[in-house]
Amino acid sequence: MVADRNQSELGEAVPAQWLAVNGMFCPGCHRAVAEAVEQCPACGYSGGKAVDKFPFTAPEWQGVIDPDGYLGDGERREIEEATVRLRESFPQPRFCFCLVGLERETDPREFAFWLMNASPVRDAEEERRRLWSVLFLIDHAHHRVSVTPGYAIEPFLNEESWRSLLQWEVRSFLEGDYGTAIVRCLNGAAAVLSEAALRVQEKSGRNGRDSSW
Amino acid sequence: MVKTIFLVVIGALLVLPMAGQAFPVSGPVPTRPLDGIFDPEGWLEESIRAAMVRKILNAREKQSAQVFVVVLPERPSDERRLAARWGAEWGQGNLWGVLLHVPGETGFPLFEADLARSPVWNDQQKAEFERSLAEALAKVRRRDRVLPGEREQVARGAADLADELGYLSMVMRRMDRHNAQARGDRAQRRSGQEEQGGRILPAAIVIGSLGGLSVLILFLLFRKSGEGKAEVEGGPIWFPETIPRKRFRAPWSGGGNVLVEFRRNEEGDILRGALRKFRATKRVDNRFW
């Protein structure tokens, strides 16, 4: 188990926009927004509207949220092992996989946005972890998957890498073999995160940062 | 009389090139604009100006990077020199950047930036910093060139310049801090040696031996625990902490834009694509496919 580091060891916090690879989008209308706004300038969307749209209690935040029991014990164990392996290389990101059957008209990105923010946070440690979380929302009713990052991990991730990763698991997702799909996604996530780390290193090297940054 | 005419002609020759230029390169530098924008004719629209001021003051307060936007009604004789001179004067010993624009003229906006002091860095640090600064300016210019309107170019250019210089300014502070620490450590070590004189040698030998032994044990332990683990070389990877882009009044995430929908025919497309790649890579005879 890798011990967590505190802020002083990681160096001065830098504004996310200096590192961000992707733009920002409204979870409601999916239009690009130029800056971190309180509500979407195009449709007026905000966290409050998401709560109005999904007016029920969000589930507890766990590594796997599977209310319909799609995953067996063996699969859960494999997912847990893959998670631990990944955490040894990348101690900060936390991956969460949620399997639900959504209505056709419900956009998984919007549902994931709501879930990520509405699921209860118990303490400061959980707060920190939520910011470093990446939620894979799997809509088993319509074979759709969305990826939603927390604010802390968001600047480092390239959305295209997630799309490519998911595309390669098309067979497992279509056949409902979610255990295999999730384990492969976790294994593939190491490559996505390595790519992100290299990008950060490149940027920091270019600007003369030291290796601890 | 001849002497007077000669002086008048010489005087006229000296003055004429400057005629019509409201801002000669060698003239006095205007007062440093408090909000970072020098726009005597009021060419910038109020909304654009307000957004730029926010960015400029943010870079100034948080990172001590001095960014200035200069909009002149006519082209100065040597615009780069003018920008450099004004920037150095207004920069007040900090890293400064100037966006100079002349509406309607080609080759604008132009960007200049430099450090208004001589840093106590080694040659490698200086070279690295100069390279980073040149790259940052090139990046700002590259991004700016593709924008359609002059006002968009100025607004975006100012924001990008503030971002890039804010970042470099932070890097500078870190370099200064590291250098200061390195100097302080060396001084401390020297003074300690002077105080202890000849007694330091046996103690150093004992401490050195113990240290060497600890390093060896730690090395063996780490090698053992690292066997068969992560694919990433050099142990766990830590990402830097960031100041998040909180939005939509959401506490933990602003949402993501990745959505993949799987369809039966898509599987076939992907597999066919993979086969095409495989054939191209391996140069396999087409008859077999």
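Residues numbered from 1 in each chain as written. Chains lettered and ligands numbered in written order. Predicted model: local features only at pLDDT ≥ 70, side-chain atom pairs only at ≥ 80, totals over all residues. Heavy atoms only, no water.

Draft legend 1. Main features of the pattern of salt bridges. If you walk through the whole model with that rule in mind, you get 27 salt bridges over all chains. Across the salt bridge formed by Arg131 of chain B and Glu135 of chain B, the nearest N and O atoms sit 3.0 Å from each other. Here Arg131 of chain B and its partner Glu135 of chain B are both found in helix α4 (residues 123-145), four residues apart, which amounts to about one turn of the helix. Here Arg131 of chain B falls in the partly exposed class, since its relative accessible area comes to 40%. On the basis of relative accessible area, Glu135 of chain B is assigned to the partly exposed category, the value being 29%. We note a salt bridge from Arg143 of chain B to Asp160 of chain B, for which the minimum N-O separation is 3.3 Å. Remark: Asp160 of chain B occurs in helix α5 (residues 150-196) and Arg143 of chain B occurs in helix α4; sequence separation between them is 17 residues. Under the relative-accessibility criterion, Arg143 of chain B is labelled partly exposed at 30%. The network of salt bridges with common partners includes Arg104 of chain A together with Glu261 and Arg263 of chain B. (Salt bridge = Lys/Arg side-chain N within 4 Å of Asp/Glu carboxyl O. Helix = DSSP H or I, 4+ residues; strand = E, 2+ residues; numbered from the N terminus. Buried < 20%, exposed > 50% of the residue type's maximum accessible area, 1.4 Å probe, protein only.)

Draft legend 2. Highlighting the packing of aromatic side chains. Counting across every chain of the model gives 21 aromatic pairs over all chains. Plain terms: the ring middles of Tyr70 of chain A and Tyr178 of chain A are 5.6 Å apart, the flat faces sit at 75° to each other, and that makes the pair edge-to-face. Residue Tyr70 of chain A is located in the loop between β4 (64-65) and α4 (73-89), and its partner Tyr178 of chain A is located in helix α9 (residues 178-206); the two are separated by 108 residues in the primary sequence. Among the residues examined, Tyr178 of chain A registers a relative accessible area of 4% and is labelled buried. Judged by centre distance (4.8 Å) and plane angle (25°), the rings of Phe156 of chain A and Phe239 of chain B are stacked. Of this pair, Phe156 of chain A sits in the loop between β7 (144-149) and α7 (159-167) while Phe239 of chain B is found in the loop between α6 (200-226) and β5 (242-243), placing the two residues in two different chains. Relative accessible area serves as the criterion here: at 2%, Phe239 of chain B is assigned to the buried category. A network of ring pairs unites the aromatic residues Phe54, Phe56, Phe111 and Trp114 of chain A as a single cluster. Between Arg151 of chain B and the ring centre of Trp43 of chain B, over which it is positioned, the NZ or CZ distance is 4.3 Å. (Phe/Tyr/Trp six-rings, centres within 6.5 Å; stacked < 30°, edge-to-face > 60°. Lys NZ or Arg CZ within 6 Å of the ring centre and 35° of its normal.)

Draft legend 3. View of the pairing of strand β3 (residues 95-101) of chain B. Residue and element names in this part refer to chain B. Judged by how many residues are buried, β3 sits mostly within the fold: seven of seven residues are covered. Burial along β3 is two-sided: the face carrying Leu95, Gly97, Leu99 and His101 and the face carrying Trp96, Val98 and Leu100 are both buried. Bridge analysis of strand β2 (residues 66-71) against β3 gives six bridges, and the strand direction is parallel. By the bridge assignment, Val69 is partnered in β3 with Leu99. As for the winding sense of the linkage, the β-α-β connection from β2 through helix α3 (residues 79-90) to β3 is right-handed. (Pairing = 2+ DSSP bridges. Right-handed = clockwise from strand over helix to strand, strands pointing away.)

Draft legend 4. View of the confidence of the model for chain A. Per-residue confidence for chain A gives a mean pLDDT of 86, with 90% of residues at or over 70. Between residues 206-213 of chain A, whose pLDDT stays under 50, and residues either more than four places distant or in other chains, the model counts 33 contacts. (pLDDT = per-residue confidence, 0-100. Contact = heavy atoms within 4.5 Å.)

Draft legend 5. Looking closely at the interface of chain A and chain B. With 91 residues of chain A in contact, the opposing surface of chain B contributes 55 residues. Roughly 7,100 Å² is buried in total at the junction of chain A and chain B, and carbon and sulfur atoms are behind 58% of that figure. The interface formed by chain A and chain B contains four salt bridges. Salt-bridge contacts for Glu38 of chain A lead to Arg249 of chain B; the nearest nitrogen and oxygen are separated by 3.2 Å. For the pair chain A and chain B, the interface holds 19 residue pairs in polar contact (both at pLDDT 80 or more). Of the residues forming the side of chain A that touches chain B, the biggest block, 10 residues, is contributed by α9 of chain A. Taken together, the two bridges between strand β1 (residues 14-15) of chain A and β5 of chain B define a ladder with parallel strand orientation. Across the sheet, residue Pro15 of chain A finds its bridge partner in β5 of chain B, namely Ile243 of chain B. (Buried area = accessible area lost by both parts, 1.4 Å probe. Polar contact = N/O pair within 3.5 Å; in protein donor to acceptor, adjacent residues only side chain to side chain.)

Draft legend 6. Broad picture of the nonpolar core. In terms of nonpolar packing, the biggest core is built from 77 residues, with Phe95, Phe136, Trp162, Leu166 and Phe173 of chain A together with Phe239 of chain B touching the most fellow members. Here this core takes 13 residues from α9 of chain A, the largest share from any one element. Every residue in contact with Trp162 of chain A, bar those within four places of it in the chain, is listed here: Phe95, Val134, Phe136, Val147, Leu157, Ala189 and Val192 of chain A together with Val258 of chain B. Within the second largest apolar cluster, 31 residues are counted, among which are Phe111, Val154, Ala158 and Leu165 of chain B. (Core = buried A, V, L, I, M, F, W, Y, C linked by side-chain atoms within 4.5 Å.)

Draft legend 7. Local environment of α3 of chain B. Residue and element names in this part refer to chain B. A rise of 1.5 Å per residue sets the reference length of α3, with its 12 residues, at 16 Å; its end C-alpha atoms lie 16 Å apart and thus fit the reference within 8%. Those residues of α3 not exposed but buried are Glu79, Leu82, Ala83, Trp86, Gly87 and Trp90. Looking straight down α3, one finds that the buried residues subtend no more than 125° of arc, so they occupy a single side. For α3, the secondary structure elements touched by its buried residues are β1 (37-38), β2, β3 and β4 (110-115). Just beyond α3, the residue with positive phi is Gln92, at close to 50°. (Expected span 1.5 Å × (residues − 1). Arc of directions from axis to C-beta.)

Draft legend 8. Here's a closer look at the sheet that holds β1 of chain B. Residue and element names in this part refer to chain B. Read across the open sheet, the four strands follow the order β1-β2-β3-β4; overall the sheet is mixed. On the outer flanks of this sheet lie β1 and β4, each paired with one strand and no other. Contacting β1, β2, β3 and β4, α3 crosses the sheet at an angle of about 140° to β3. On top of the sheet, α4 reaches β3 and β4; it is set at about 160° to β4, its chief contact. (Axes fitted to C-alpha atoms, helices over the stretch in contact; angles between N-to-C directions.)

Draft legend 9. Quick peek at the side chain of Arg130 of chain A. Position of Arg130 of chain A relative to the elements: it lies in helix α6 (residues 124-131). At 3.1 Å, the side chain of Arg130 of chain A and the backbone oxygen of Pro120 of chain A are in polar contact. If we skip the residues at most four places from it in the chain, Arg130 of chain A touches Trp61, Met116, Ser119, Pro120, Val121 and Gly150 of chain A together with Trp252 of chain B.

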